[in-house]
Amino acid sequence: MKILVQSSGIDVVPGIINELKAHQPDWQYFAWPTDEQCDYVVGWKPPAELFTRQPHLKAVFNYGAGVDAVLAMGAVPAGMPIVRLEDAGMAQQMAEYAIYGVIYHQRRMRTYHAQQRDKHWQQHEDRGNVQRPTVGVMGLGEMGGTVATRLANFGYTVRGWSRTKHSLDGIETLAGHDALPAFLSGCDVLFTVLPLTATTQGVINAAALASLPRGAFIINGGRGGLIVDADLVAALESGHIAGAMLDVFHEEPLPKDHAYWSHPNVIVTPHIAATTPIKDGCAQVVAKIAALERGEVVSGIVDPKMGY
Ligand code: NAP
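(A) Structural detail: the sheet that holds strand 4 (residues 59–62). Taken together, 5 strands build an open sheet; the order of strands is 2-1-3-4-5 and the sheet is parallel. Of all the strands in the sheet, the pair left with one neighbour each is strand 2 (28–31) and strand 5 (82–84). Sheet twist, expressed as the mean angle between neighbouring strand axes with direction ignored, is 25°. The sheet contact formed by strand 1 (residues 2–5) and strand 3 (residues 40–43) spans 3 bridges and is parallel. The residue of strand 3 that forms the bridge with valine 5 is valine 42. Here helix 1 (residues 13–23) sits on the sheet in contact with strand 1, strand 2 and strand 3, set at roughly 175° to strand 2.

What follows is the structure in structure tokens.
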């Protein structure tokens, strides 16, 4: 078996090859670019040239959970399966990110950080003493399902929203676009971890923000395109939205002149909510290639029409 490894951006190729080898030493591994004809590609945003030069590939393994970038490139030949990473150690990280954001807001950490700078000692009422925040989770797949469950186990009232109806212990779930305003109206903190698709693009717009209770806090761990930035900035300015913790942006790195960088009520993190753990990611890829070779059906195959 010949495996091609490719990456756009950070050069993770040698590390991935070493890790794949550790899991399956009997296969051969090649770094892109090469004309050595391979069976599978493990990559991130593979260019069109790769598919022209590699006409015998059986499937593309997307080295990450999100497939919006690879689908937008339109380089993968029609009919070739795209297999994405499922959890692979990312869901726990995403839950940590969400819990940090919820507590940051609830326990007024922004205020205490500012007070420390001024050596000012003043106690404020914990928002949770008045009413513990209800957290809404948008997207109940590999990431969102784990986030919702962990938040509920941590004692928060959690509600979830997805395209199709899910059933999660102790969590009120709603599904579909028509249920969105009702879902949002009960969320003191909104955590979004939807994939970016034609139907989720701009889902957090002025109307959605208006459906949230005054003083709500937003955490985005999904994709920047889920949010209409101008609408969020306007809602922050009006005070309708108390603050936001944002990990993903329309353009990354976030341009230096973007309003989010200097907004006092916004925390910007550089797309680190859940990074791909190399061991778990490579173990999953090797196991799925082996299963495909045995003629088995694997999970995590992307539906290009749905966009996730
Ligand atoms: P997933 O398992 O495919 O789950 C996607 C969820 O979104 C599903 O619950 C799905 O509903 C829901 N959904 C899709 N379209 C919808 C729509 N139009 N309306 C309502 N719900 C919709 O994906 P995942 O592994 O959880 O990953 C989700 C996204 O997180 C990725 O696509 C990626 O963009 C992002 N991500 C970010 C980071 C980071 O570091 N910031 C790391 C990993 C992933 P159904 O269950 O009904 O299908």
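(B) Molecular detail of the pairing of strand 7 (residues 157–162). Judged by how many residues are buried, strand 7 sits mostly within the fold: 5 of 6 residues are covered. As paired elements, strand 6 (residues 134–138) and strand 7 share 5 bridges and run parallel to each other. In the sheet register, valine 137 faces strand 7, and the bridge partner there is glycine 160. Running through helix 7 (residues 142–153), the crossover from strand 6 to the neighbouring parallel element strand 7 is right-handed. As judged from the 4 bridges shared by strand 7 and strand 8 (residues 172–175), these two strands associate in the parallel manner. Each bridged residue has a counterpart across the sheet, and for arginine 159 the counterpart in strand 8 is glutamate 172.

(C) Broad picture of the environment of threonine 197. Secondary-structure assignment places threonine 197 in the loop between strand 9 (189–192) and helix 9 (206–211). With a relative accessible area of 7%, threonine 197 lands in the buried category. For the pair formed by threonine 197 and leucine 168, sequence separation is 29 residues and the distance between their alpha carbons is 24 Å. Setting aside its immediate chain neighbours within four residues, threonine 197 contacts Met306, Gly307 and Tyr308.

(D) Up close: the site of the ligand. The immediate surroundings of the ligand are formed by 28 residues, with Arg84, Met143, Thr164, His166 and Tyr308 found nearest. In this structure, an oxygen atom belonging to the ligand sits 2.8 Å away from a main-chain N or O atom of methionine 143. The side chain of tyrosine 308 places a nitrogen or oxygen atom 2.5 Å from an oxygen atom of the ligand. Computed on the free molecule, the ligand has an accessible area of 930 Å², of which 92% lies beneath the protein chains in the complex.

(E) Molecular detail of the side chain of histidine 263. Its location among the elements puts histidine 263 in the loop between helix 11 (259–262) and strand 12 (266–268). Taking the relative accessible area as the measure of exposure, histidine 263 reaches 11% and is therefore buried. In this view, histidine 263 contacts Leu236 and Glu237; residues no more than four positions away in its chain are not counted.

(F) Region of interest: the sheet that holds strand 10 (residues 216–220). With respect to topology, 7 strands assemble into an open sheet ordered 8-7-6-9-10-11-12, the strand pairing being parallel. This sheet does not close on itself; its edge strands, each paired only once, are strand 8 and strand 12. Strand after strand, the sheet turns through a mean of 15° between neighbouring axes, direction not considered. Bridge count between strand 10 and strand 11 (residues 241–246): 5 bridges; the pairing is parallel. Within the sheet, the bridge partner assigned to isoleucine 219 lies in strand 11 and is methionine 245. On top of the sheet, helix 7 reaches strand 6, strand 7 and strand 9; it is set at about 170° to strand 6, its chief contact.

(G) Region of interest: the nonpolar core. Ile3, Leu20, Leu151 and Phe191 are the most contacted members of the largest nonpolar core, which totals 48 residues. It is helix 4 (residues 90–106) that contributes the most residues to this core, 9 residues altogether. Residues contacting leucine 20, with those up to four places away along its chain left out, are Ile3, Val5, Tyr29, Val42, Cys282, Val285 and Val286. One finds Ala179, Val203, Ala244 and Leu246 within the second-largest nonpolar core, a separate group that totals 31 residues.

(H) View of the domain arrangement of the chain. Under the domain assignment, the chain is made up of domain 1 (2–88 + 276–293) and domain 2 (90–268). Computed from C-alpha coordinates alone, the two centres of domain 1 and domain 2 are separated by 32 Å. If you sort the residues of domain 1 by the area they bury against domain 2, Ala65, Asp68 and Asp87 come out on top, with a joint share of 61%. Across the pair arginine 223 and aspartate 68 runs a salt bridge, and its minimum N-O distance is 2.9 Å. Here domain 1 and domain 2 share 3 residue pairs in polar contact (both at pLDDT 80 or more) between them. Along the lines of polarity and charge, the residues of the side of domain 1 that touches domain 2 split into 5 nonpolar, 3 polar and 4 charged.

Cut-offs applied
Residues numbered from 1 in each chain as written. Predicted model: local features only at pLDDT ≥ 70, side-chain atom pairs only at ≥ 80, totals over all residues. Heavy atoms only, no water. Pairing = 2+ DSSP bridges. Helix = DSSP H or I, 4+ residues; strand = E, 2+ residues; numbered from the N terminus. Axes fitted to C-alpha atoms, helices over the stretch in contact; angles between N-to-C directions. Contact = heavy atoms within 4.5 Å. Buried < 20%, exposed > 50% of the residue type's maximum accessible area, 1.4 Å probe, protein only. Right-handed = clockwise from strand over helix to strand, strands pointing away. Near = heavy atom within 4 Å. Polar contact = N/O pair within 3.5 Å; in protein donor to acceptor, adjacent residues only side chain to side chain. Areas by Shrake-Rupley, 256 points an atom, 1.4 Å probe, with all protein chains shown as cover. Core = buried A, V, L, I, M, F, W, Y, C linked by side-chain atoms within 4.5 Å. Domains from an automatic or database assignment. Buried area = accessible area lost by both parts, 1.4 Å probe. Salt bridge = Lys/Arg side-chain N within 4 Å of Asp/Glu carboxyl O. Nonpolar A, V, L, I, M, F, W, Y, C, P; charged D, E, K, R; others polar.

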